[in-house]
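Chain residues, written in single-letter form:
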Amino acid sequence: KKKILHSKEAVPTVSFDQIGGQERAKKELREALDFLIHRHHIRQYGIRPLKGILLSGPPGTGKTLMAKAAAHYTDSVFITTSGSEFIEMYVGVGAQRIRELFHKARKEAKKNNKNSAIIFIDEIDVIGGQRAGSQHREYDQTLNQLLTEMDGMTTDRKVQVLVVAATNRKDMLDSALLRPGRFDRHITVDLPDKKARMSILKLHTHNKPLADDVDLEQIGVETFGFSGAQLESLTNEAAIYAMRNGSDKIGQRHLSEAIDKVMMGEKTDREATQ
Ligand code: ATP
């Protein structure tokens, strides 16, 4: 009999130690997730099940990584989507996609023999922005369907679903989303401070050949305001510079050049959109 091989990606391999800095956010998230892990226990106490977690913070700070690590930590299948995928010309399509999303989450969990599923919705503000009158009927239906699905989630089901949403516009969200029993856990994912920047740099240079003159602390100082995504891109650029120069190791000057490159890149992007 042929054994069914389950897709390896069903449960992400990203763990919390692969996320640099964000100590407070990681701790808060882990504490919230313990409610999911011990859901039968909390049910005995009549505690409301955890249904939604909102991650908010600037782009590239690791919100997607956090959601993946949450799935890894709880041994849940991970279903990812973005708010923009629900915006359609035809009324009702967005709502239908939400229904399918929850259906898919339960199906994937069963298929992979897991008791829980995490649905990650990036850019939740696209569907959950403050209601703006009748011309946004489609958005409203999508949002209403999401709320209906979340209200219908109970611990009685075999598969427990948790929705993790991300936004960099928390102020824009409809208050209906933030009510108890919906996205009632809010975790802020901020830009990294110097220490966090250093640990992110360490994580992303771990598999790269660094010369002895490299001072990651100095790079940490010079990258004030950088996001995790920018730091990752910096280490990659530095490796490219080293390779182009024919050096077998990445030196401090390659890293410094890469800082300029990442900063310039950001500037060019901004100018291009102006
Ligand atoms: P966006 O809001 O733009 O979707 P995000 O907050 O979801 O961004 P991620 O997609 O998680 O950010 O991060 C992008 C990439 O940046 C990651 O794949 C990783 O390489 C790197 N990164 C970001 N933050 C961290 C971090 N704290 N530690 C390690 N790597 C990070």
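In the block above lies the structure referred to throughout.
The sections below set out a description of the structure shown in this document. (Residues numbered from 1 in each chain as written. Predicted model: local features only at pLDDT ≥ 70, side-chain atom pairs only at ≥ 80, totals over all residues. Heavy atoms only, no water.)

1. Observations regarding unusual backbone geometry
A positive phi angle, near 50°, is found at Gln 22, a position not held by glycine. In this structure, Gln 22 sits in the segment before α1 (23-37). Unlike most non-glycine residues, Asn 113 shows phi in positive territory, near 60°. Relative to the assigned elements, Asn 113 resides in the loop between α4 (93-111) and β3 (116-122). Under the relative-accessibility criterion, Asn 113 is labelled exposed at 68%. (Helix = DSSP H or I, 4+ residues; strand = E, 2+ residues; numbered from the N terminus. Buried < 20%, exposed > 50% of the residue type's maximum accessible area, 1.4 Å probe, protein only.)

2. Considerations on a negative patch on the surface
A cluster of acidic residues, Asp 212, Asp 213, Asp 215, Glu 222, Glu 257 and Asp 260, forms a negative patch at the surface. Owing to a relative accessible area of 80%, Asp 212 belongs among the exposed residues under this scheme. (Patch = residues over 30% accessible without salt bridge, like charges linked within 9 Å, V, L, I, M, F, W, Y side chains within 5 Å. Areas by Shrake-Rupley, 256 points an atom, 1.4 Å probe, with all protein chains shown as cover. Salt bridge = Lys/Arg side-chain N within 4 Å of Asp/Glu carboxyl O. Lys, Arg positive; Asp, Glu negative; His and termini not counted. Charge placed at Lys NZ, Arg CZ, Asp CG, Glu CD.)

3. Considering the pairing of strand β1 (residues 52-56)
With five of five residues buried, β1 is to be regarded as a mostly interior element. Residues Gly 52, Leu 54 and Ser 56 line one face of β1 and the alternating positions Ile 53 and Leu 55 line the opposite face, and both faces are buried. Relative to strand β4 (residues 160-167), β1 is paired through five bridges, and the arrangement is parallel. Looking across to β4, one finds that Leu 54 is bridged to Ala 165. (Pairing = 2+ DSSP bridges.)

4. Here's the deal with the pattern of salt bridges
When the charged atoms of two side chains lie near each other, side chains of opposite charge can form a pair. Tallied over the entire structure, the rule returns 10 salt bridges. Where Glu 23 meets Lys 26, a salt bridge forms, and the shortest distance between an N and an O atom there is 3.8 Å. Here Lys 26 and Glu 23 lie together in helix α1, a separation of three residues that amounts to about one turn. A relative accessible area of 53% means that Glu 23 is categorised as exposed. Given the relative accessible area of 6%, Lys 26 is considered buried.

5. Some thoughts on α1
Residue pairs spaced three or four apart in an α-helix point in one direction, given the helix's 3.6 residues per turn. Helix length check: α1 (15 residues) gives 21 Å between terminal C-alpha atoms against 21 Å at 1.5 Å per residue, within 8%. Listing the buried residues of α1 in full gives Ala 25, Lys 26, Leu 29, Ala 32, Leu 33 and Leu 36. The buried residues of α1 occupy an angular sector of 135° when projected down its axis, which confines them to one face. For α1, the exposed residues set more than 90 degrees away from the buried face come down to Glu 23 and Lys 27. Those residues of α1 that are buried lie in contact with α2 (39-44), β1, α3 (63-74), β3, β4 and β5 (183-188). (Expected span 1.5 Å × (residues − 1). Arc of directions from axis to C-beta. Contact = heavy atoms within 4.5 Å.)

6. Comments concerning the site of the ligand
Taken together, 16 residues lie around the ligand, and Gly 20, Gly 60, Lys 63, Thr 64 and His 204 are the ones closest in. Within the backbone of Gly 20, one N or O atom sits 2.9 Å away from a nitrogen atom of the ligand. One nitrogen or oxygen atom from the side chain of Thr 64 is found 2.6 Å from an oxygen atom belonging to the ligand. Contact with the protein chains hides 78% of the accessible area of the ligand, taken as 630 Å² for the molecule alone. Of all the secondary structure elements, the ones that give two or more residues to the shell around the ligand are α3, α8 (194-205) and α10 (228-244). Of the residues that constitute the shell around the ligand, the class distribution is five nonpolar, eight polar and three charged. (Near = heavy atom within 4 Å. Polar contact = N/O pair within 3.5 Å; in protein donor to acceptor, adjacent residues only side chain to side chain. Nonpolar A, V, L, I, M, F, W, Y, C, P; charged D, E, K, R; others polar.)

7. Digging into the packing of α8 against α10
Two quantities define a packed helix pair, namely the angle between the axes and the distance from one axis to the other. It is the contact of α8 with α10, at a shortest axis distance of 9 Å, that shows an interaxial angle of 45°. Here α10 runs oblique to α8, going by the angle between their axes. The crossing of α8 and α10 is right-handed. Residues Arg 197, Ile 200, Leu 201, His 204 and Thr 205 of α8 lie in contact with α10, whose contacting residues are Gly 228, Leu 231, Glu 232, Leu 234 and Thr 235. (Axes fitted to C-alpha atoms, helices over the stretch in contact; angles between N-to-C directions. Parallel < 35°, antiparallel > 145°, perpendicular 65-115°, else oblique. Left-handed = near helix turned anticlockwise from the far one by under 90°.)

8. A short note on the pairing of β4
Counting buried positions over the eight residues of β4 gives eight, a clear majority of the element. Side chains of β4 alternate between two faces, with Gln 160, Leu 162, Val 164 and Ala 166 and Val 161, Val 163, Ala 165 and Thr 167 buried alike. The pairing of β3 with β4 spans six bridges and is parallel. Bridged to Ile 118 within β4 is Leu 162.

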